[in-house]
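Breakdown of the fold
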There are 2 protein chains.
Amino acid sequence: MRRPFHHGNLRAVLLEQAEVMLRDQGVDGLSLRELARQAGVSHGAPRSHFIDRQALLDALAEQGFDRFTDQIRAALAIPGPIRERFRSVGRAYVDFSVDNAALMELMFAAKSSQSSGPVHNAAARFFAVLDGAMPDPPGGDHDDDLRTRFKLLFAATMQGTATLITAQRITREQGQRIIDDAADALRSSELGAHVLSSLEGTG
Amino acid sequence: MRRPFHHGNLRAVLLEQAEVMLRDQGVDGLSLRELARQAGVSHGAPRSHFIDRQALLDALAEQGFDRFTDQIRAALAIPGPIRERFRSVGRAYVDFSVDNAALMELMFAAKSSQSSGPVHNAAARFFAVLDGAMPDPPGGDHDDDLRTRFKLLFAATMQGTATLITAQRITREQGQRIIDDAADALRSSELGAHVLSSLEGTG
DNA sequence: ACCTGAACACCGTTCAAGT
DNA sequence: ACCTGAACACCGTTCAAGT
C-alpha cells in the first residue's frame, strides 16, 4: 500500500505540522525540508502550496489572527458590566499571546504588517473585533479621538503584559494582576470617565 | 601591506558590524560567515571569540541592555515633578525600543532570559535602574506590593506601546500619546494615589 | 495540477593544522 | 592565543521532468 503520487491533503498537513514545529522549536527551527520529511513527500513538494518559506509563515500568521479573533469574540460574549468585559478581554488577549508566543511574533512581525493580502485582512478583522470590546455609546455624541486613545492605551497594556510574561520577566499571575489594575485605573481616570460615562450599564 | 595573521581587534569589529547587520537585515539576516567576510578573516575565525552564533547574539543582547540602561538613566537625570519623570522615562523606553527593534527582540527573547551569565546580569542592572523611576518614598511606610503593581503596570504599557509601534499598528505620535495618557491615568488611579502620595515633590 | 529529484548557493559547526 | 581551510551536515530555492 504505497502512497499515491498525489498527497491530496498536503497543504493542510504542512500547516498543521508547521504550527507544532513553531511551538516546539520557534521560528528558527521551522524547516520546510523537515516538514516535507514528516509529511512523507519530497523536499520540493511544499513549493506547490507555498511559493517560499515566508508564504508559509504568512499562512500561519493569518490562521493565528483568525483563532485570536475567535478567542476575543468568545470573551466578549460573556455578559457583565463594562469593567468585567475589559478584564475578560484582557485575560483572553494575554492567555492567547502567552500560549502562542512564537505565533504572535509572526503575526506582529513587521514583515507580516503588509498593506494588503490575506494577513493584512485577517489582522484587520482581529482589530475590528477587539474594538468591539468597547461598543459605541448609545448617544453617539462621543469623542472619537478620546475613544481611540482609550482603546490604544488598553491594547498597549495587554500587549506589553503578554510580552513581559513571555520574556519571563513576570509571572502569569502578575500579568493577570496588571490587567485588573489597568481596568481599574482606566475606569477611574479622566480619560476613562469621558469615554465610559455614556456606556455605563451597556454590557 | 598585507593583513597581519592576528586581526587584533576582531571581537570588537564583529560585534560592531553585527549590530549594523542586525538593524538592516534582522536576526535572520545575521550570518557569521558574512560577518567574517566583512572583517576580512576566514569563516572559522569568529569561533575564537564566540563559541557559536547564539554566543554572539547574547553578547549583542548584553551590550543592548547596557545602552538601554544608559538611556533610561539619562531620562531619569532630568529634574522635574513625578509626572514629568514618568513621561520622560516612557519616551526614552519607547524610543530606544523602536529604534532598536531587532535588538530588543534578542534582549527579550526567552533564550536570553537565562538565570545566570552576563546577559542576565545586564538585564538585572537595567531593571534595577528602571525601578529607580519611582524612588523609595521618604517615609518608608510604603506598601511594597502596591509599588510593584504600579511599576509593572507602567512597564507593561511602555513595552506594549513599543511593540505596537514596531509592528506598525500605531504611529510614533500615537505611542507618545499613550505614554502621556498612561502617566495621567496612573496618577489619578486608586493604585497611583496609594503609591504616589508619599512621593509628591520628591523629584 | 501536483510532485520528484538533481543542482546550486548558501548556512553553522567542527577540527586538525598552521603562526 | 588566534586564525586558516577543508569537511560535514544541514538549509531554501529553482526547475526540468515525471504522473
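Residues numbered from 1 in each chain as written. Chains lettered and ligands numbered in written order. Predicted model: local features only at pLDDT ≥ 70, side-chain atom pairs only at ≥ 80, totals over all residues. Heavy atoms only, no water.

**Re the packing of helix H1 (residues 10–25) of chain A against helix H3 (residues 53–77) of chain A**
All names here are of chain A. Close contact between H1 and H3 brings their axes to 10 Å; oriented N to C, the two are set at 80 degrees. Accordingly, the angle class assigned to the pair H1 and H3 is roughly perpendicular. Along its contact with H1, which presents Arg11, Leu15, Ala18, Glu19 and Leu22, the element H3 presents Leu56, Ala59, Leu60, Gln63 and Arg67. Residue composition of the contact of H1 with H3, by class: 6 nonpolar, 1 polar and 3 charged. (Axes fitted to C-alpha atoms, helices over the stretch in contact; angles between N-to-C directions. Helix = DSSP H or I, 4+ residues; strand = E, 2+ residues; numbered from the N terminus. Parallel < 35°, antiparallel > 145°, perpendicular 65-115°, else oblique. Contact = heavy atoms within 4.5 Å. Nonpolar A, V, L, I, M, F, W, Y, C, P; charged D, E, K, R; others polar.)

**Details of the packing of helix H4 (residues 82–99) of chain A against helix H8 (residues 172–188) of chain A**
Residues and elements named next belong to chain A. Where H4 meets H8, the closest approach of the two axes is 9 Å, and the angle between their N-to-C directions is 145 degrees. Of the two elements, H4 crosses H8, and the hand of that crossing is right-handed. Only Arg172, Gln176, Ile179, Asp180, Ala183, Asp184 and Arg187 of H8 make contact with H4, whose side of the interface consists of Ile82, Arg83, Phe86, Arg87, Gly90, Arg91, Val94, Asp95, Val98 and Asp99. Per-class residue counts for the contact of H4 with H8 are 6 nonpolar, 2 polar and 9 charged. (Left-handed = near helix turned anticlockwise from the far one by under 90°.)

**Re the side chain of Gln159 of chain A**
Inspection of the secondary structure puts Gln159 of chain A in helix H7 (residues 144–166). A distance of 2.7 Å separates polar atoms of two side chains, one belonging to Gln159 of chain A and the other to Tyr93 of chain A. Dropping the residues within four chain positions of it, Gln159 of chain A is found in contact with Tyr93, Met104 and Phe108 of chain A together with Gly160, Thr163 and Leu164 of chain B. (Polar contact = N/O pair within 3.5 Å; in protein donor to acceptor, adjacent residues only side chain to side chain.)

**Remarks on the relation of the copies chain B and chain A**
In screw terms, the move from chain B to chain A is a rotation of 180 degrees and a rise of 0.0 Å along the axis, fitting with an RMSD of 0.0 Å. Both copies are brought into coincidence by an operation consistent with a two-fold rotation axis. Of the C-alpha atoms belonging to chain B, the one lying closest to the rotation axis is found on Gly160 of chain B, 1.7 Å away. (Least-squares fit on C-alpha atoms with pLDDT ≥ 70 in both.)

**Let's talk about the interface of chain B and chain A**
Contacts between the two partners involve 36 residues from chain B and, on the opposite side, 36 residues from chain A. Interface of chain B and chain A: buried area, both sides summed, is about 2,900 Å²; carbon and sulfur atoms make up 62% of it. At the junction of chain B with chain A, the criterion picks out 2 salt bridges. Of the charged contacts, one joins Asp181 of chain B and Arg149 of chain A as a salt bridge, the two residues approaching to 2.6 Å between their closest N and O atoms. Here chain B is connected to chain A by 3 residue pairs in polar contact (both at pLDDT 80 or more). Put simply, the parts of the chain that give the side of chain B that touches chain A at least two residues each are helix H5 (101–108), helix H6 (118–131), helix H7 (144–166), helix H8 (172–188) and helix H9 (190–196) of chain B. Residue contributions to the side of chain B that touches chain A peak at 13 residues, all from H7 of chain B. For the side of chain B that touches chain A, a count of residues per class yields 16 nonpolar, 12 polar and 8 charged. (Buried area = accessible area lost by both parts, 1.4 Å probe. Salt bridge = Lys/Arg side-chain N within 4 Å of Asp/Glu carboxyl O.)

**Some remarks on the packing of aromatic side chains**
All names here are of chain B. Taken as a whole, this structure holds 20 aromatic pairs over all chains when the rule is applied. Look at Phe65 and Phe126: their rings are 5.8 Å apart centre to centre, the planes differ by 45 degrees, and that puts the pair in the tilted class. Highlighted residues: Phe65 in helix H3 (residues 53–77) and Phe126 in helix H6, separated in sequence by 61 residues. Each member of the pair, Phe65 as well as Phe126, is classed as buried. (Phe/Tyr/Trp six-rings, centres within 6.5 Å; stacked < 30°, edge-to-face > 60°. Buried < 20%, exposed > 50% of the residue type's maximum accessible area, 1.4 Å probe, protein only.)

**Some points on the domain arrangement of chain A**
Residue and element names in this part refer to chain A. By domain assignment, chain A separates into domain 1 (1–51) and domain 2 (60–199). For domain 1 and domain 2, the distance between their C-alpha centres works out to 33 Å. Facing the 8 residues of domain 1 at the interface are 9 residues of domain 2. On the domain 1 side of the interface with domain 2, the three residues burying the most area are Leu15, Glu19 and Leu22, jointly 62% of the side's total. Counting every contact that joins domain 1 to domain 2 gives 1 salt bridge. Two residues, Arg67 and Glu19, come together in a salt bridge whose shortest N-O distance is 2.5 Å. For the pair domain 1 and domain 2, the number of links is 3 residue pairs in polar contact (both at pLDDT 80 or more). Of the residues in the side of domain 1 that touches domain 2, the class split is 5 nonpolar, 1 polar and 2 charged. (Domains from an automatic or database assignment.)

**With respect to the nonpolar core**
As a rule of thumb, nonpolar side chains are buried together in soluble globular proteins. Within the largest apolar cluster, 130 residues are counted, with the highest numbers of intra-cluster contacts made by Leu60 and Ile72 of chain A together with Leu60 and Ile72 of chain B. For Leu60 of chain B, the residues in contact, after removing those within four places along its chain, are Leu15, Ala18, Glu19, Leu22, Leu30, Leu103 and Leu106 of chain B. (Core = buried A, V, L, I, M, F, W, Y, C linked by side-chain atoms within 4.5 Å.)

**Section: the environment of Arg187 of chain B**
Relative to the helices and strands, Arg187 of chain B resides in helix H8. On a C-alpha basis, the gap between Arg187 of chain B and Ile82 of chain B in space is 9.3 Å, while along the polypeptide they are 105 residues apart.

**Here's the deal with H4 of chain A**
Between its first and last C-alpha atoms H4 of chain A spans 26 Å; for 18 residues at 1.5 Å apiece the expected length is 26 Å, and the two agree. The element H4 of chain A is largely enclosed, with a buried count of 13 among its 18 residues. (Expected span 1.5 Å × (residues − 1).)

**Thoughts on unusual backbone geometry**
Residues and elements named next belong to chain A. Positive phi outside glycine occurs at Gln168, with the angle close to 60 degrees. The residue Gln168 is located in the loop between H7 and H8 in this model. Among the residues examined, Gln168 registers a relative accessible area of 55% and is labelled exposed.

**Things to note about the pattern of salt bridges**
Two side chains of opposite charge can pair, provided their charged atoms sit close to one another. All told, the structure shown has 20 salt bridges over all chains when counted by the stated rule. Between Asp180 of chain A and Arg87 of chain A there is a salt bridge; the shortest N-O distance is 3.5 Å. Here Asp180 of chain A, found in helix H8, pairs with Arg87 of chain A, found in helix H4; they are 93 residues apart in sequence, far enough to count as distant. A residue is classified by how much of its surface remains accessible, and Asp180 of chain A, at 12% relative accessible area, is buried. Arg172 of chain B serves as the salt-bridge partner of Asp99 of chain B, at 2.6 Å between the closest nitrogen and oxygen. Taken together, the residues span a long stretch of sequence, with Asp99 of chain B in helix H4 (residues 82–99) and Arg172 of chain B in helix H8 at a distance of 73 residues.

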